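Summary of structural features
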Amino acid sequence: MALKGNASILIGLGALLALSLLLGLPAIPGDMLGPGHRGPVLELSILLAVMILLPRRPGRIGIWTLAIFCWLILLLRLADLVSMMTAGRLFEPAFDPALVPALWDVMVRGPGGLLIGAALVAALAGLLCLCRWLAGLLLRATAPALPVLGILALLTLVTMQPLDRGPLGALWEQGQRWQAAERLEAEMAAALTRDPAAGIPSDQVFATLRGRPIILAWVESYGQSALTDPRQAGPVGDRLRMMQQDLTGAGFHIRSGLVDSPVIGGRSWLAHGTLRSGIRQDQPLAQRMLLDSDRCGLVCRLNQGGWRTLAAMPGLTLPWLEGPAWGFERVMDRTDFAYAGPAYGWSPLPDQALLASLSPDWGGPRPLYLEIVLTSSHAPWTPLPAWKPYSQGLIDGSAYAGDDRRTDYTDMATAYGRSLDYSLRALADWVLQEVPDDALILILGDHPPLEWISTGGGQRVPIHILSRDAALLDRLDGLNLAPGMRPAADATPLPMWEIFPQLLARFSPLPLQTPPIHVDMHEQAGEAEP
């Protein structure tokens, strides 16, 4: 009998440690099984001590209650881990559930996406069964009370995980994050009352640019790290040098600098919205509040100033209901392109095919504002389309028939560099062949990839501004922009939410001066930058 009791308590202690490893799962993979993760969590030690003292063991309902509770805490820990690995930040319970459809879209577009989804559901069910099994072993452990309680107390005191790693700590952290979401809502409401165009007469907004085409080209996942990380710096640096040579040879003047993106690793639409509105958006709630307001941002002001406004977004597979709210008169989504060739990873059509399909009426009665979102440098960066000569078959996709589309996830960092080389090359060729001489062109990364793909640079992204009119670019003096396609590595970055106010100040016919950089609403609230 004593042998059976000793075995039971040893099994119970093993279940205690196993459940503690699950409930205390750190968000940083390198911290797993480290000194702060190897011991029991206090709450489970107390629970085991209570079970030892009780004359009767809990039944099936009690075991399932503990199992489901532990499973839910484990899901929160896994959410932190996945969010840190894919977005470089912790899980935000007030915002991130709204991102699930976008994550599912990225997953199912890849090869074997549905199988991966089924495997994920099976894994979650398996974790629940594991929690049920361990909870049963923990709650039904029996042993002589005093000796075992002494051992349990010593084990807990010596090796216990930090208090914030237990289930109560997890719930406390989630509550703190919910409160931060409430503060963000109040800060957004205050930010929406400030309009950078309020002091400029409506007939003078962007008057310096009147009659000129304006192009904003977003290069997906283009971060400063791609210019410095040895795994990408070679091909990306060579491409920038070739672009500078070709563009300056064609009469372009170029200024390049760095911009602080509000996001990293994904959620590109928040970076796009940040630039268009002049308000930092690092959570979907911020963009939702902005779109529900009557604030007139960059696209809206250009529309009011007489520009036709067009967005080319091949990554959109469903109607973009937010397009008119931003001020776009027309949005080209995936269905508007004649391309019938293969998709490449997440990208539904190669950037070459996208740009070959763009031949807008540059000489219409009103100038054109064109916003382009390139997708070939979107994760997972494999497979990458081969470069095609400019001939028949790009627009309809027939040039890509028979291409090798095998995926290789063994060296995604190198694939990322090659994808940027491809996207920038396609964009430069299109600018040289298609864009009118009087256009103002902005080329901008939306966010960097995660650090395990490309290291260094934080949340900074490059910006390149091109024009054949040197005097136009002279109006940007004071923004830490360097001549050419290579930003200065130590340049002070311009916050992405300052680009719209700066464009307003510098291209409206007011006395040219360096406008003050307004304090970001997060700093006003005393919050640290992410």
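This text goes with the structure placed above it.
Being a predicted model, the structure only gives us computed values, none of them experimental.

Criteria and thresholds
- Within any chain, residue numbers begin from 1 and follow the written order of that chain's sequence.
- Predicted model: local features are reported for residues with pLDDT of at least 70 only, side-chain atom pairs are reported and counted for 80 or more only, and whole-chain, interface and lining totals are derived from all residues.
- Calculation of side-chain values draws on the structure's entire complement of heavy atoms; hydrogens and water are dropped beforehand.
- Comment: elements are numbered from the N terminus, with helices defined as DSSP H or I runs of at least four residues and strands as E runs of at least two.
- Whether two residues touch is decided by their heavy atoms; if any such pair falls within 4.5 Å, the residues are in contact.
- Here the accessible surface of atoms and residues is derived via Shrake-Rupley with a 1.4 Å probe, and residues count as covered only by protein chains that are part of the display.
- For our purposes a nonpolar core is just a set of buried Ala, Val, Leu, Ile, Met, Phe, Trp, Tyr and Cys residues, chained together by side-chain atoms within 4.5 Å.
- In this scheme, a residue with accessible area under 20% of its type's maximum is buried, one over 50% is exposed, and one in between is partly exposed, where area comes from a 1.4 Å probe on protein chains only.
- Neither His nor the chain termini are counted; the positive set is Lys and Arg, and the negative set is Asp and Glu.
- By salt bridge we mean one thing: a side-chain nitrogen of Lys or Arg within 4 Å of a carboxyl oxygen of Asp or Glu.
- The term polar contact refers here to a pair of N or O atoms within 3.5 Å; inside protein, the definition further demands a hydrogen-donor-capable atom paired with an acceptor-capable atom, and it admits residues adjacent in sequence only when both atoms are side-chain atoms.
- In plain terms, two cysteine sulfur atoms within 2.5 Å form what is called a disulfide here.
- Following DSSP output, two strands are said to pair if at least two bridges run between them.
- Patch membership requires over 30% relative accessible area and the absence of a salt bridge. Like charges are linked within 9 Å, and nonpolar side chains (Val, Leu, Ile, Met, Phe, Trp, Tyr) within 5 Å.
- Pairing of aromatic rings covers Phe, Tyr and the six-membered ring of Trp, with a centre-to-centre limit of 6.5 Å; geometry is then stacked below 30 degrees between planes, edge-to-face above 60, and tilted otherwise.
- We count a charge as sitting over a ring when the NZ of a lysine or the CZ of an arginine lies within 6 Å of the ring centre and within 35 degrees of the ring normal.

Regarding its fold elements, the chain presents 18 helices and 9 strands. Within the chain, residue pairs in contact and separated by at least 24 positions form 78% of the contacts whose partners lie at least 6 positions apart. Carbon together with sulfur atoms contributes 63% to the accessible area of the chain, which is approximately 23,200 Å² in total.

This paragraph deals with the nonpolar core. Grouped together as the largest cluster of nonpolar side chains are 51 residues, with contacts concentrated most on F206, Y369, L444, M496 and I499. Not counting residues up to four positions away in its chain, the partners in contact with F206 are L298, R301, L302, W307, F500, L503, L504, F507 and S508. Judged by nonpolar contacts, the second largest core, of 49 residues, contains F252, I254, I372 and M412.

A word on the side chain of D333. Mapped onto the elements, D333 comes out in the loop between β4 (330-332) and α14 (351-356). Buried within the structure, D333 lacks any salt-bridge partner; R334 is the closest side chain of opposite charge, at an N-O distance of 7.8 Å. In terms of polar contacts, D333 uses its side chain to reach the side chain of T335, at 2.5 Å.

Take the pattern of salt bridges next. Enumeration according to the criterion identifies 13 salt bridges in this entry. The closest approach of N and O atoms between R77 and E173, which form a salt bridge, is 3.7 Å. Placement of R77 in helix α3 (residues 60-87) and of E173 in helix α7 (residues 167-191) is noted, with a sequence separation of 96 residues between them. Between D403 and K388 there is a salt bridge whose closest N-O contact spans 3.0 Å. Of this pair, D403 sits in the loop between β5 (368-374) and α15 (412-434) while K388 sits in the loop between β5 and α15; the two residues are 15 residues apart in sequence, bridging distant segments of the chain. Assessed through its relative accessible area of 12%, K388 is described here as buried.

This brings us to the side chain of S277. One can find S277 in helix α10 (residues 268-277). Its relative accessible area of 1% is what places S277 among the buried residues. Within polar-contact distance, the side chain of S277 engages the side chain of Q281 at 2.7 Å. Ignoring any residue separated from it by four or fewer positions in sequence, one finds S277 in contact with L290, R295, G297, W326 and F500.

Let us look at the state of the cysteines. Tallied over the full model, the rule gives 1 disulfide. The residue that forms a disulfide with C296 is C300, at a sulfur-sulfur distance of 2.0 Å. Here C296 and C300 share a disulfide; its torsion about the S-S bond, -100°, makes the bridge left-handed. Judged by its relative accessible area of 8%, C296 is buried. In this structure C129 is not part of a disulfide, and its nearest cysteine sulfur, from C131, lies 9.4 Å away. In this model C131 remains outside any disulfide bridge; the closest cysteine sulfur is found in C70, 5.9 Å from its own.

Okay, the pairing of strand β6 (residues 440-445) next. Within β6, 6 of the 6 residues are buried, leaving the element largely enclosed by the surrounding structure. With burial as the criterion, each face of β6 is covered, one bearing L440, L442 and L444 and the other bearing I441, I443 and G445. Judged from the 6 bridges that link them, strand β1 (residues 214-219) and β6 form a sheet pairing that is parallel. Residue A217 lies in a different strand from β6, and its bridge partner there is I443. Pairing of β6 with strand β7 (residues 460-467) involves 4 bridges; the strand directions are antiparallel. Across the sheet, I441 pairs through a bridge with L466, a residue of β7.

This part covers a nonpolar patch on the surface. On the surface, L42, I46, V50 and L163 cluster together to form a nonpolar patch covering roughly 330 Å² of accessible area. Tracing the backbone through its elements, the reader meets L42 in helix α2 (residues 42-53).

If you walk through the whole model with that rule in mind, you get 7 aromatic pairs. On the basis of an interplanar angle of 50° and a centroid distance of 6.3 Å, the ring pair of W362 and W430 is categorised as tilted. Residue W362 is found in the loop between α14 and β5, and its partner W430 is found in helix α15; the two are separated by 68 residues along the sequence. In this structure, W362 and W430 share a single accessibility class: buried. When the ring of W381 is compared with that of Y416, the centres are 5.3 Å apart and the planes differ by 65°; the resulting orientation is edge-to-face. Here W381 is found in the loop between β5 and α15, whereas its partner Y416 is found in helix α15, with 35 residues between them in sequence. The two residues W381 and Y416 agree in class, both being buried. Among the aromatic side chains, those forming a connected cluster through ring pairs are W320, F328 and Y369. Here the basic side chain of R276 rests over the ring of W326, its NZ or CZ set 5.0 Å away from the ring centre. Stacked on the ring of Y344, the Lys or Arg R405 has its end atom at 5.6 Å from the ring centre.

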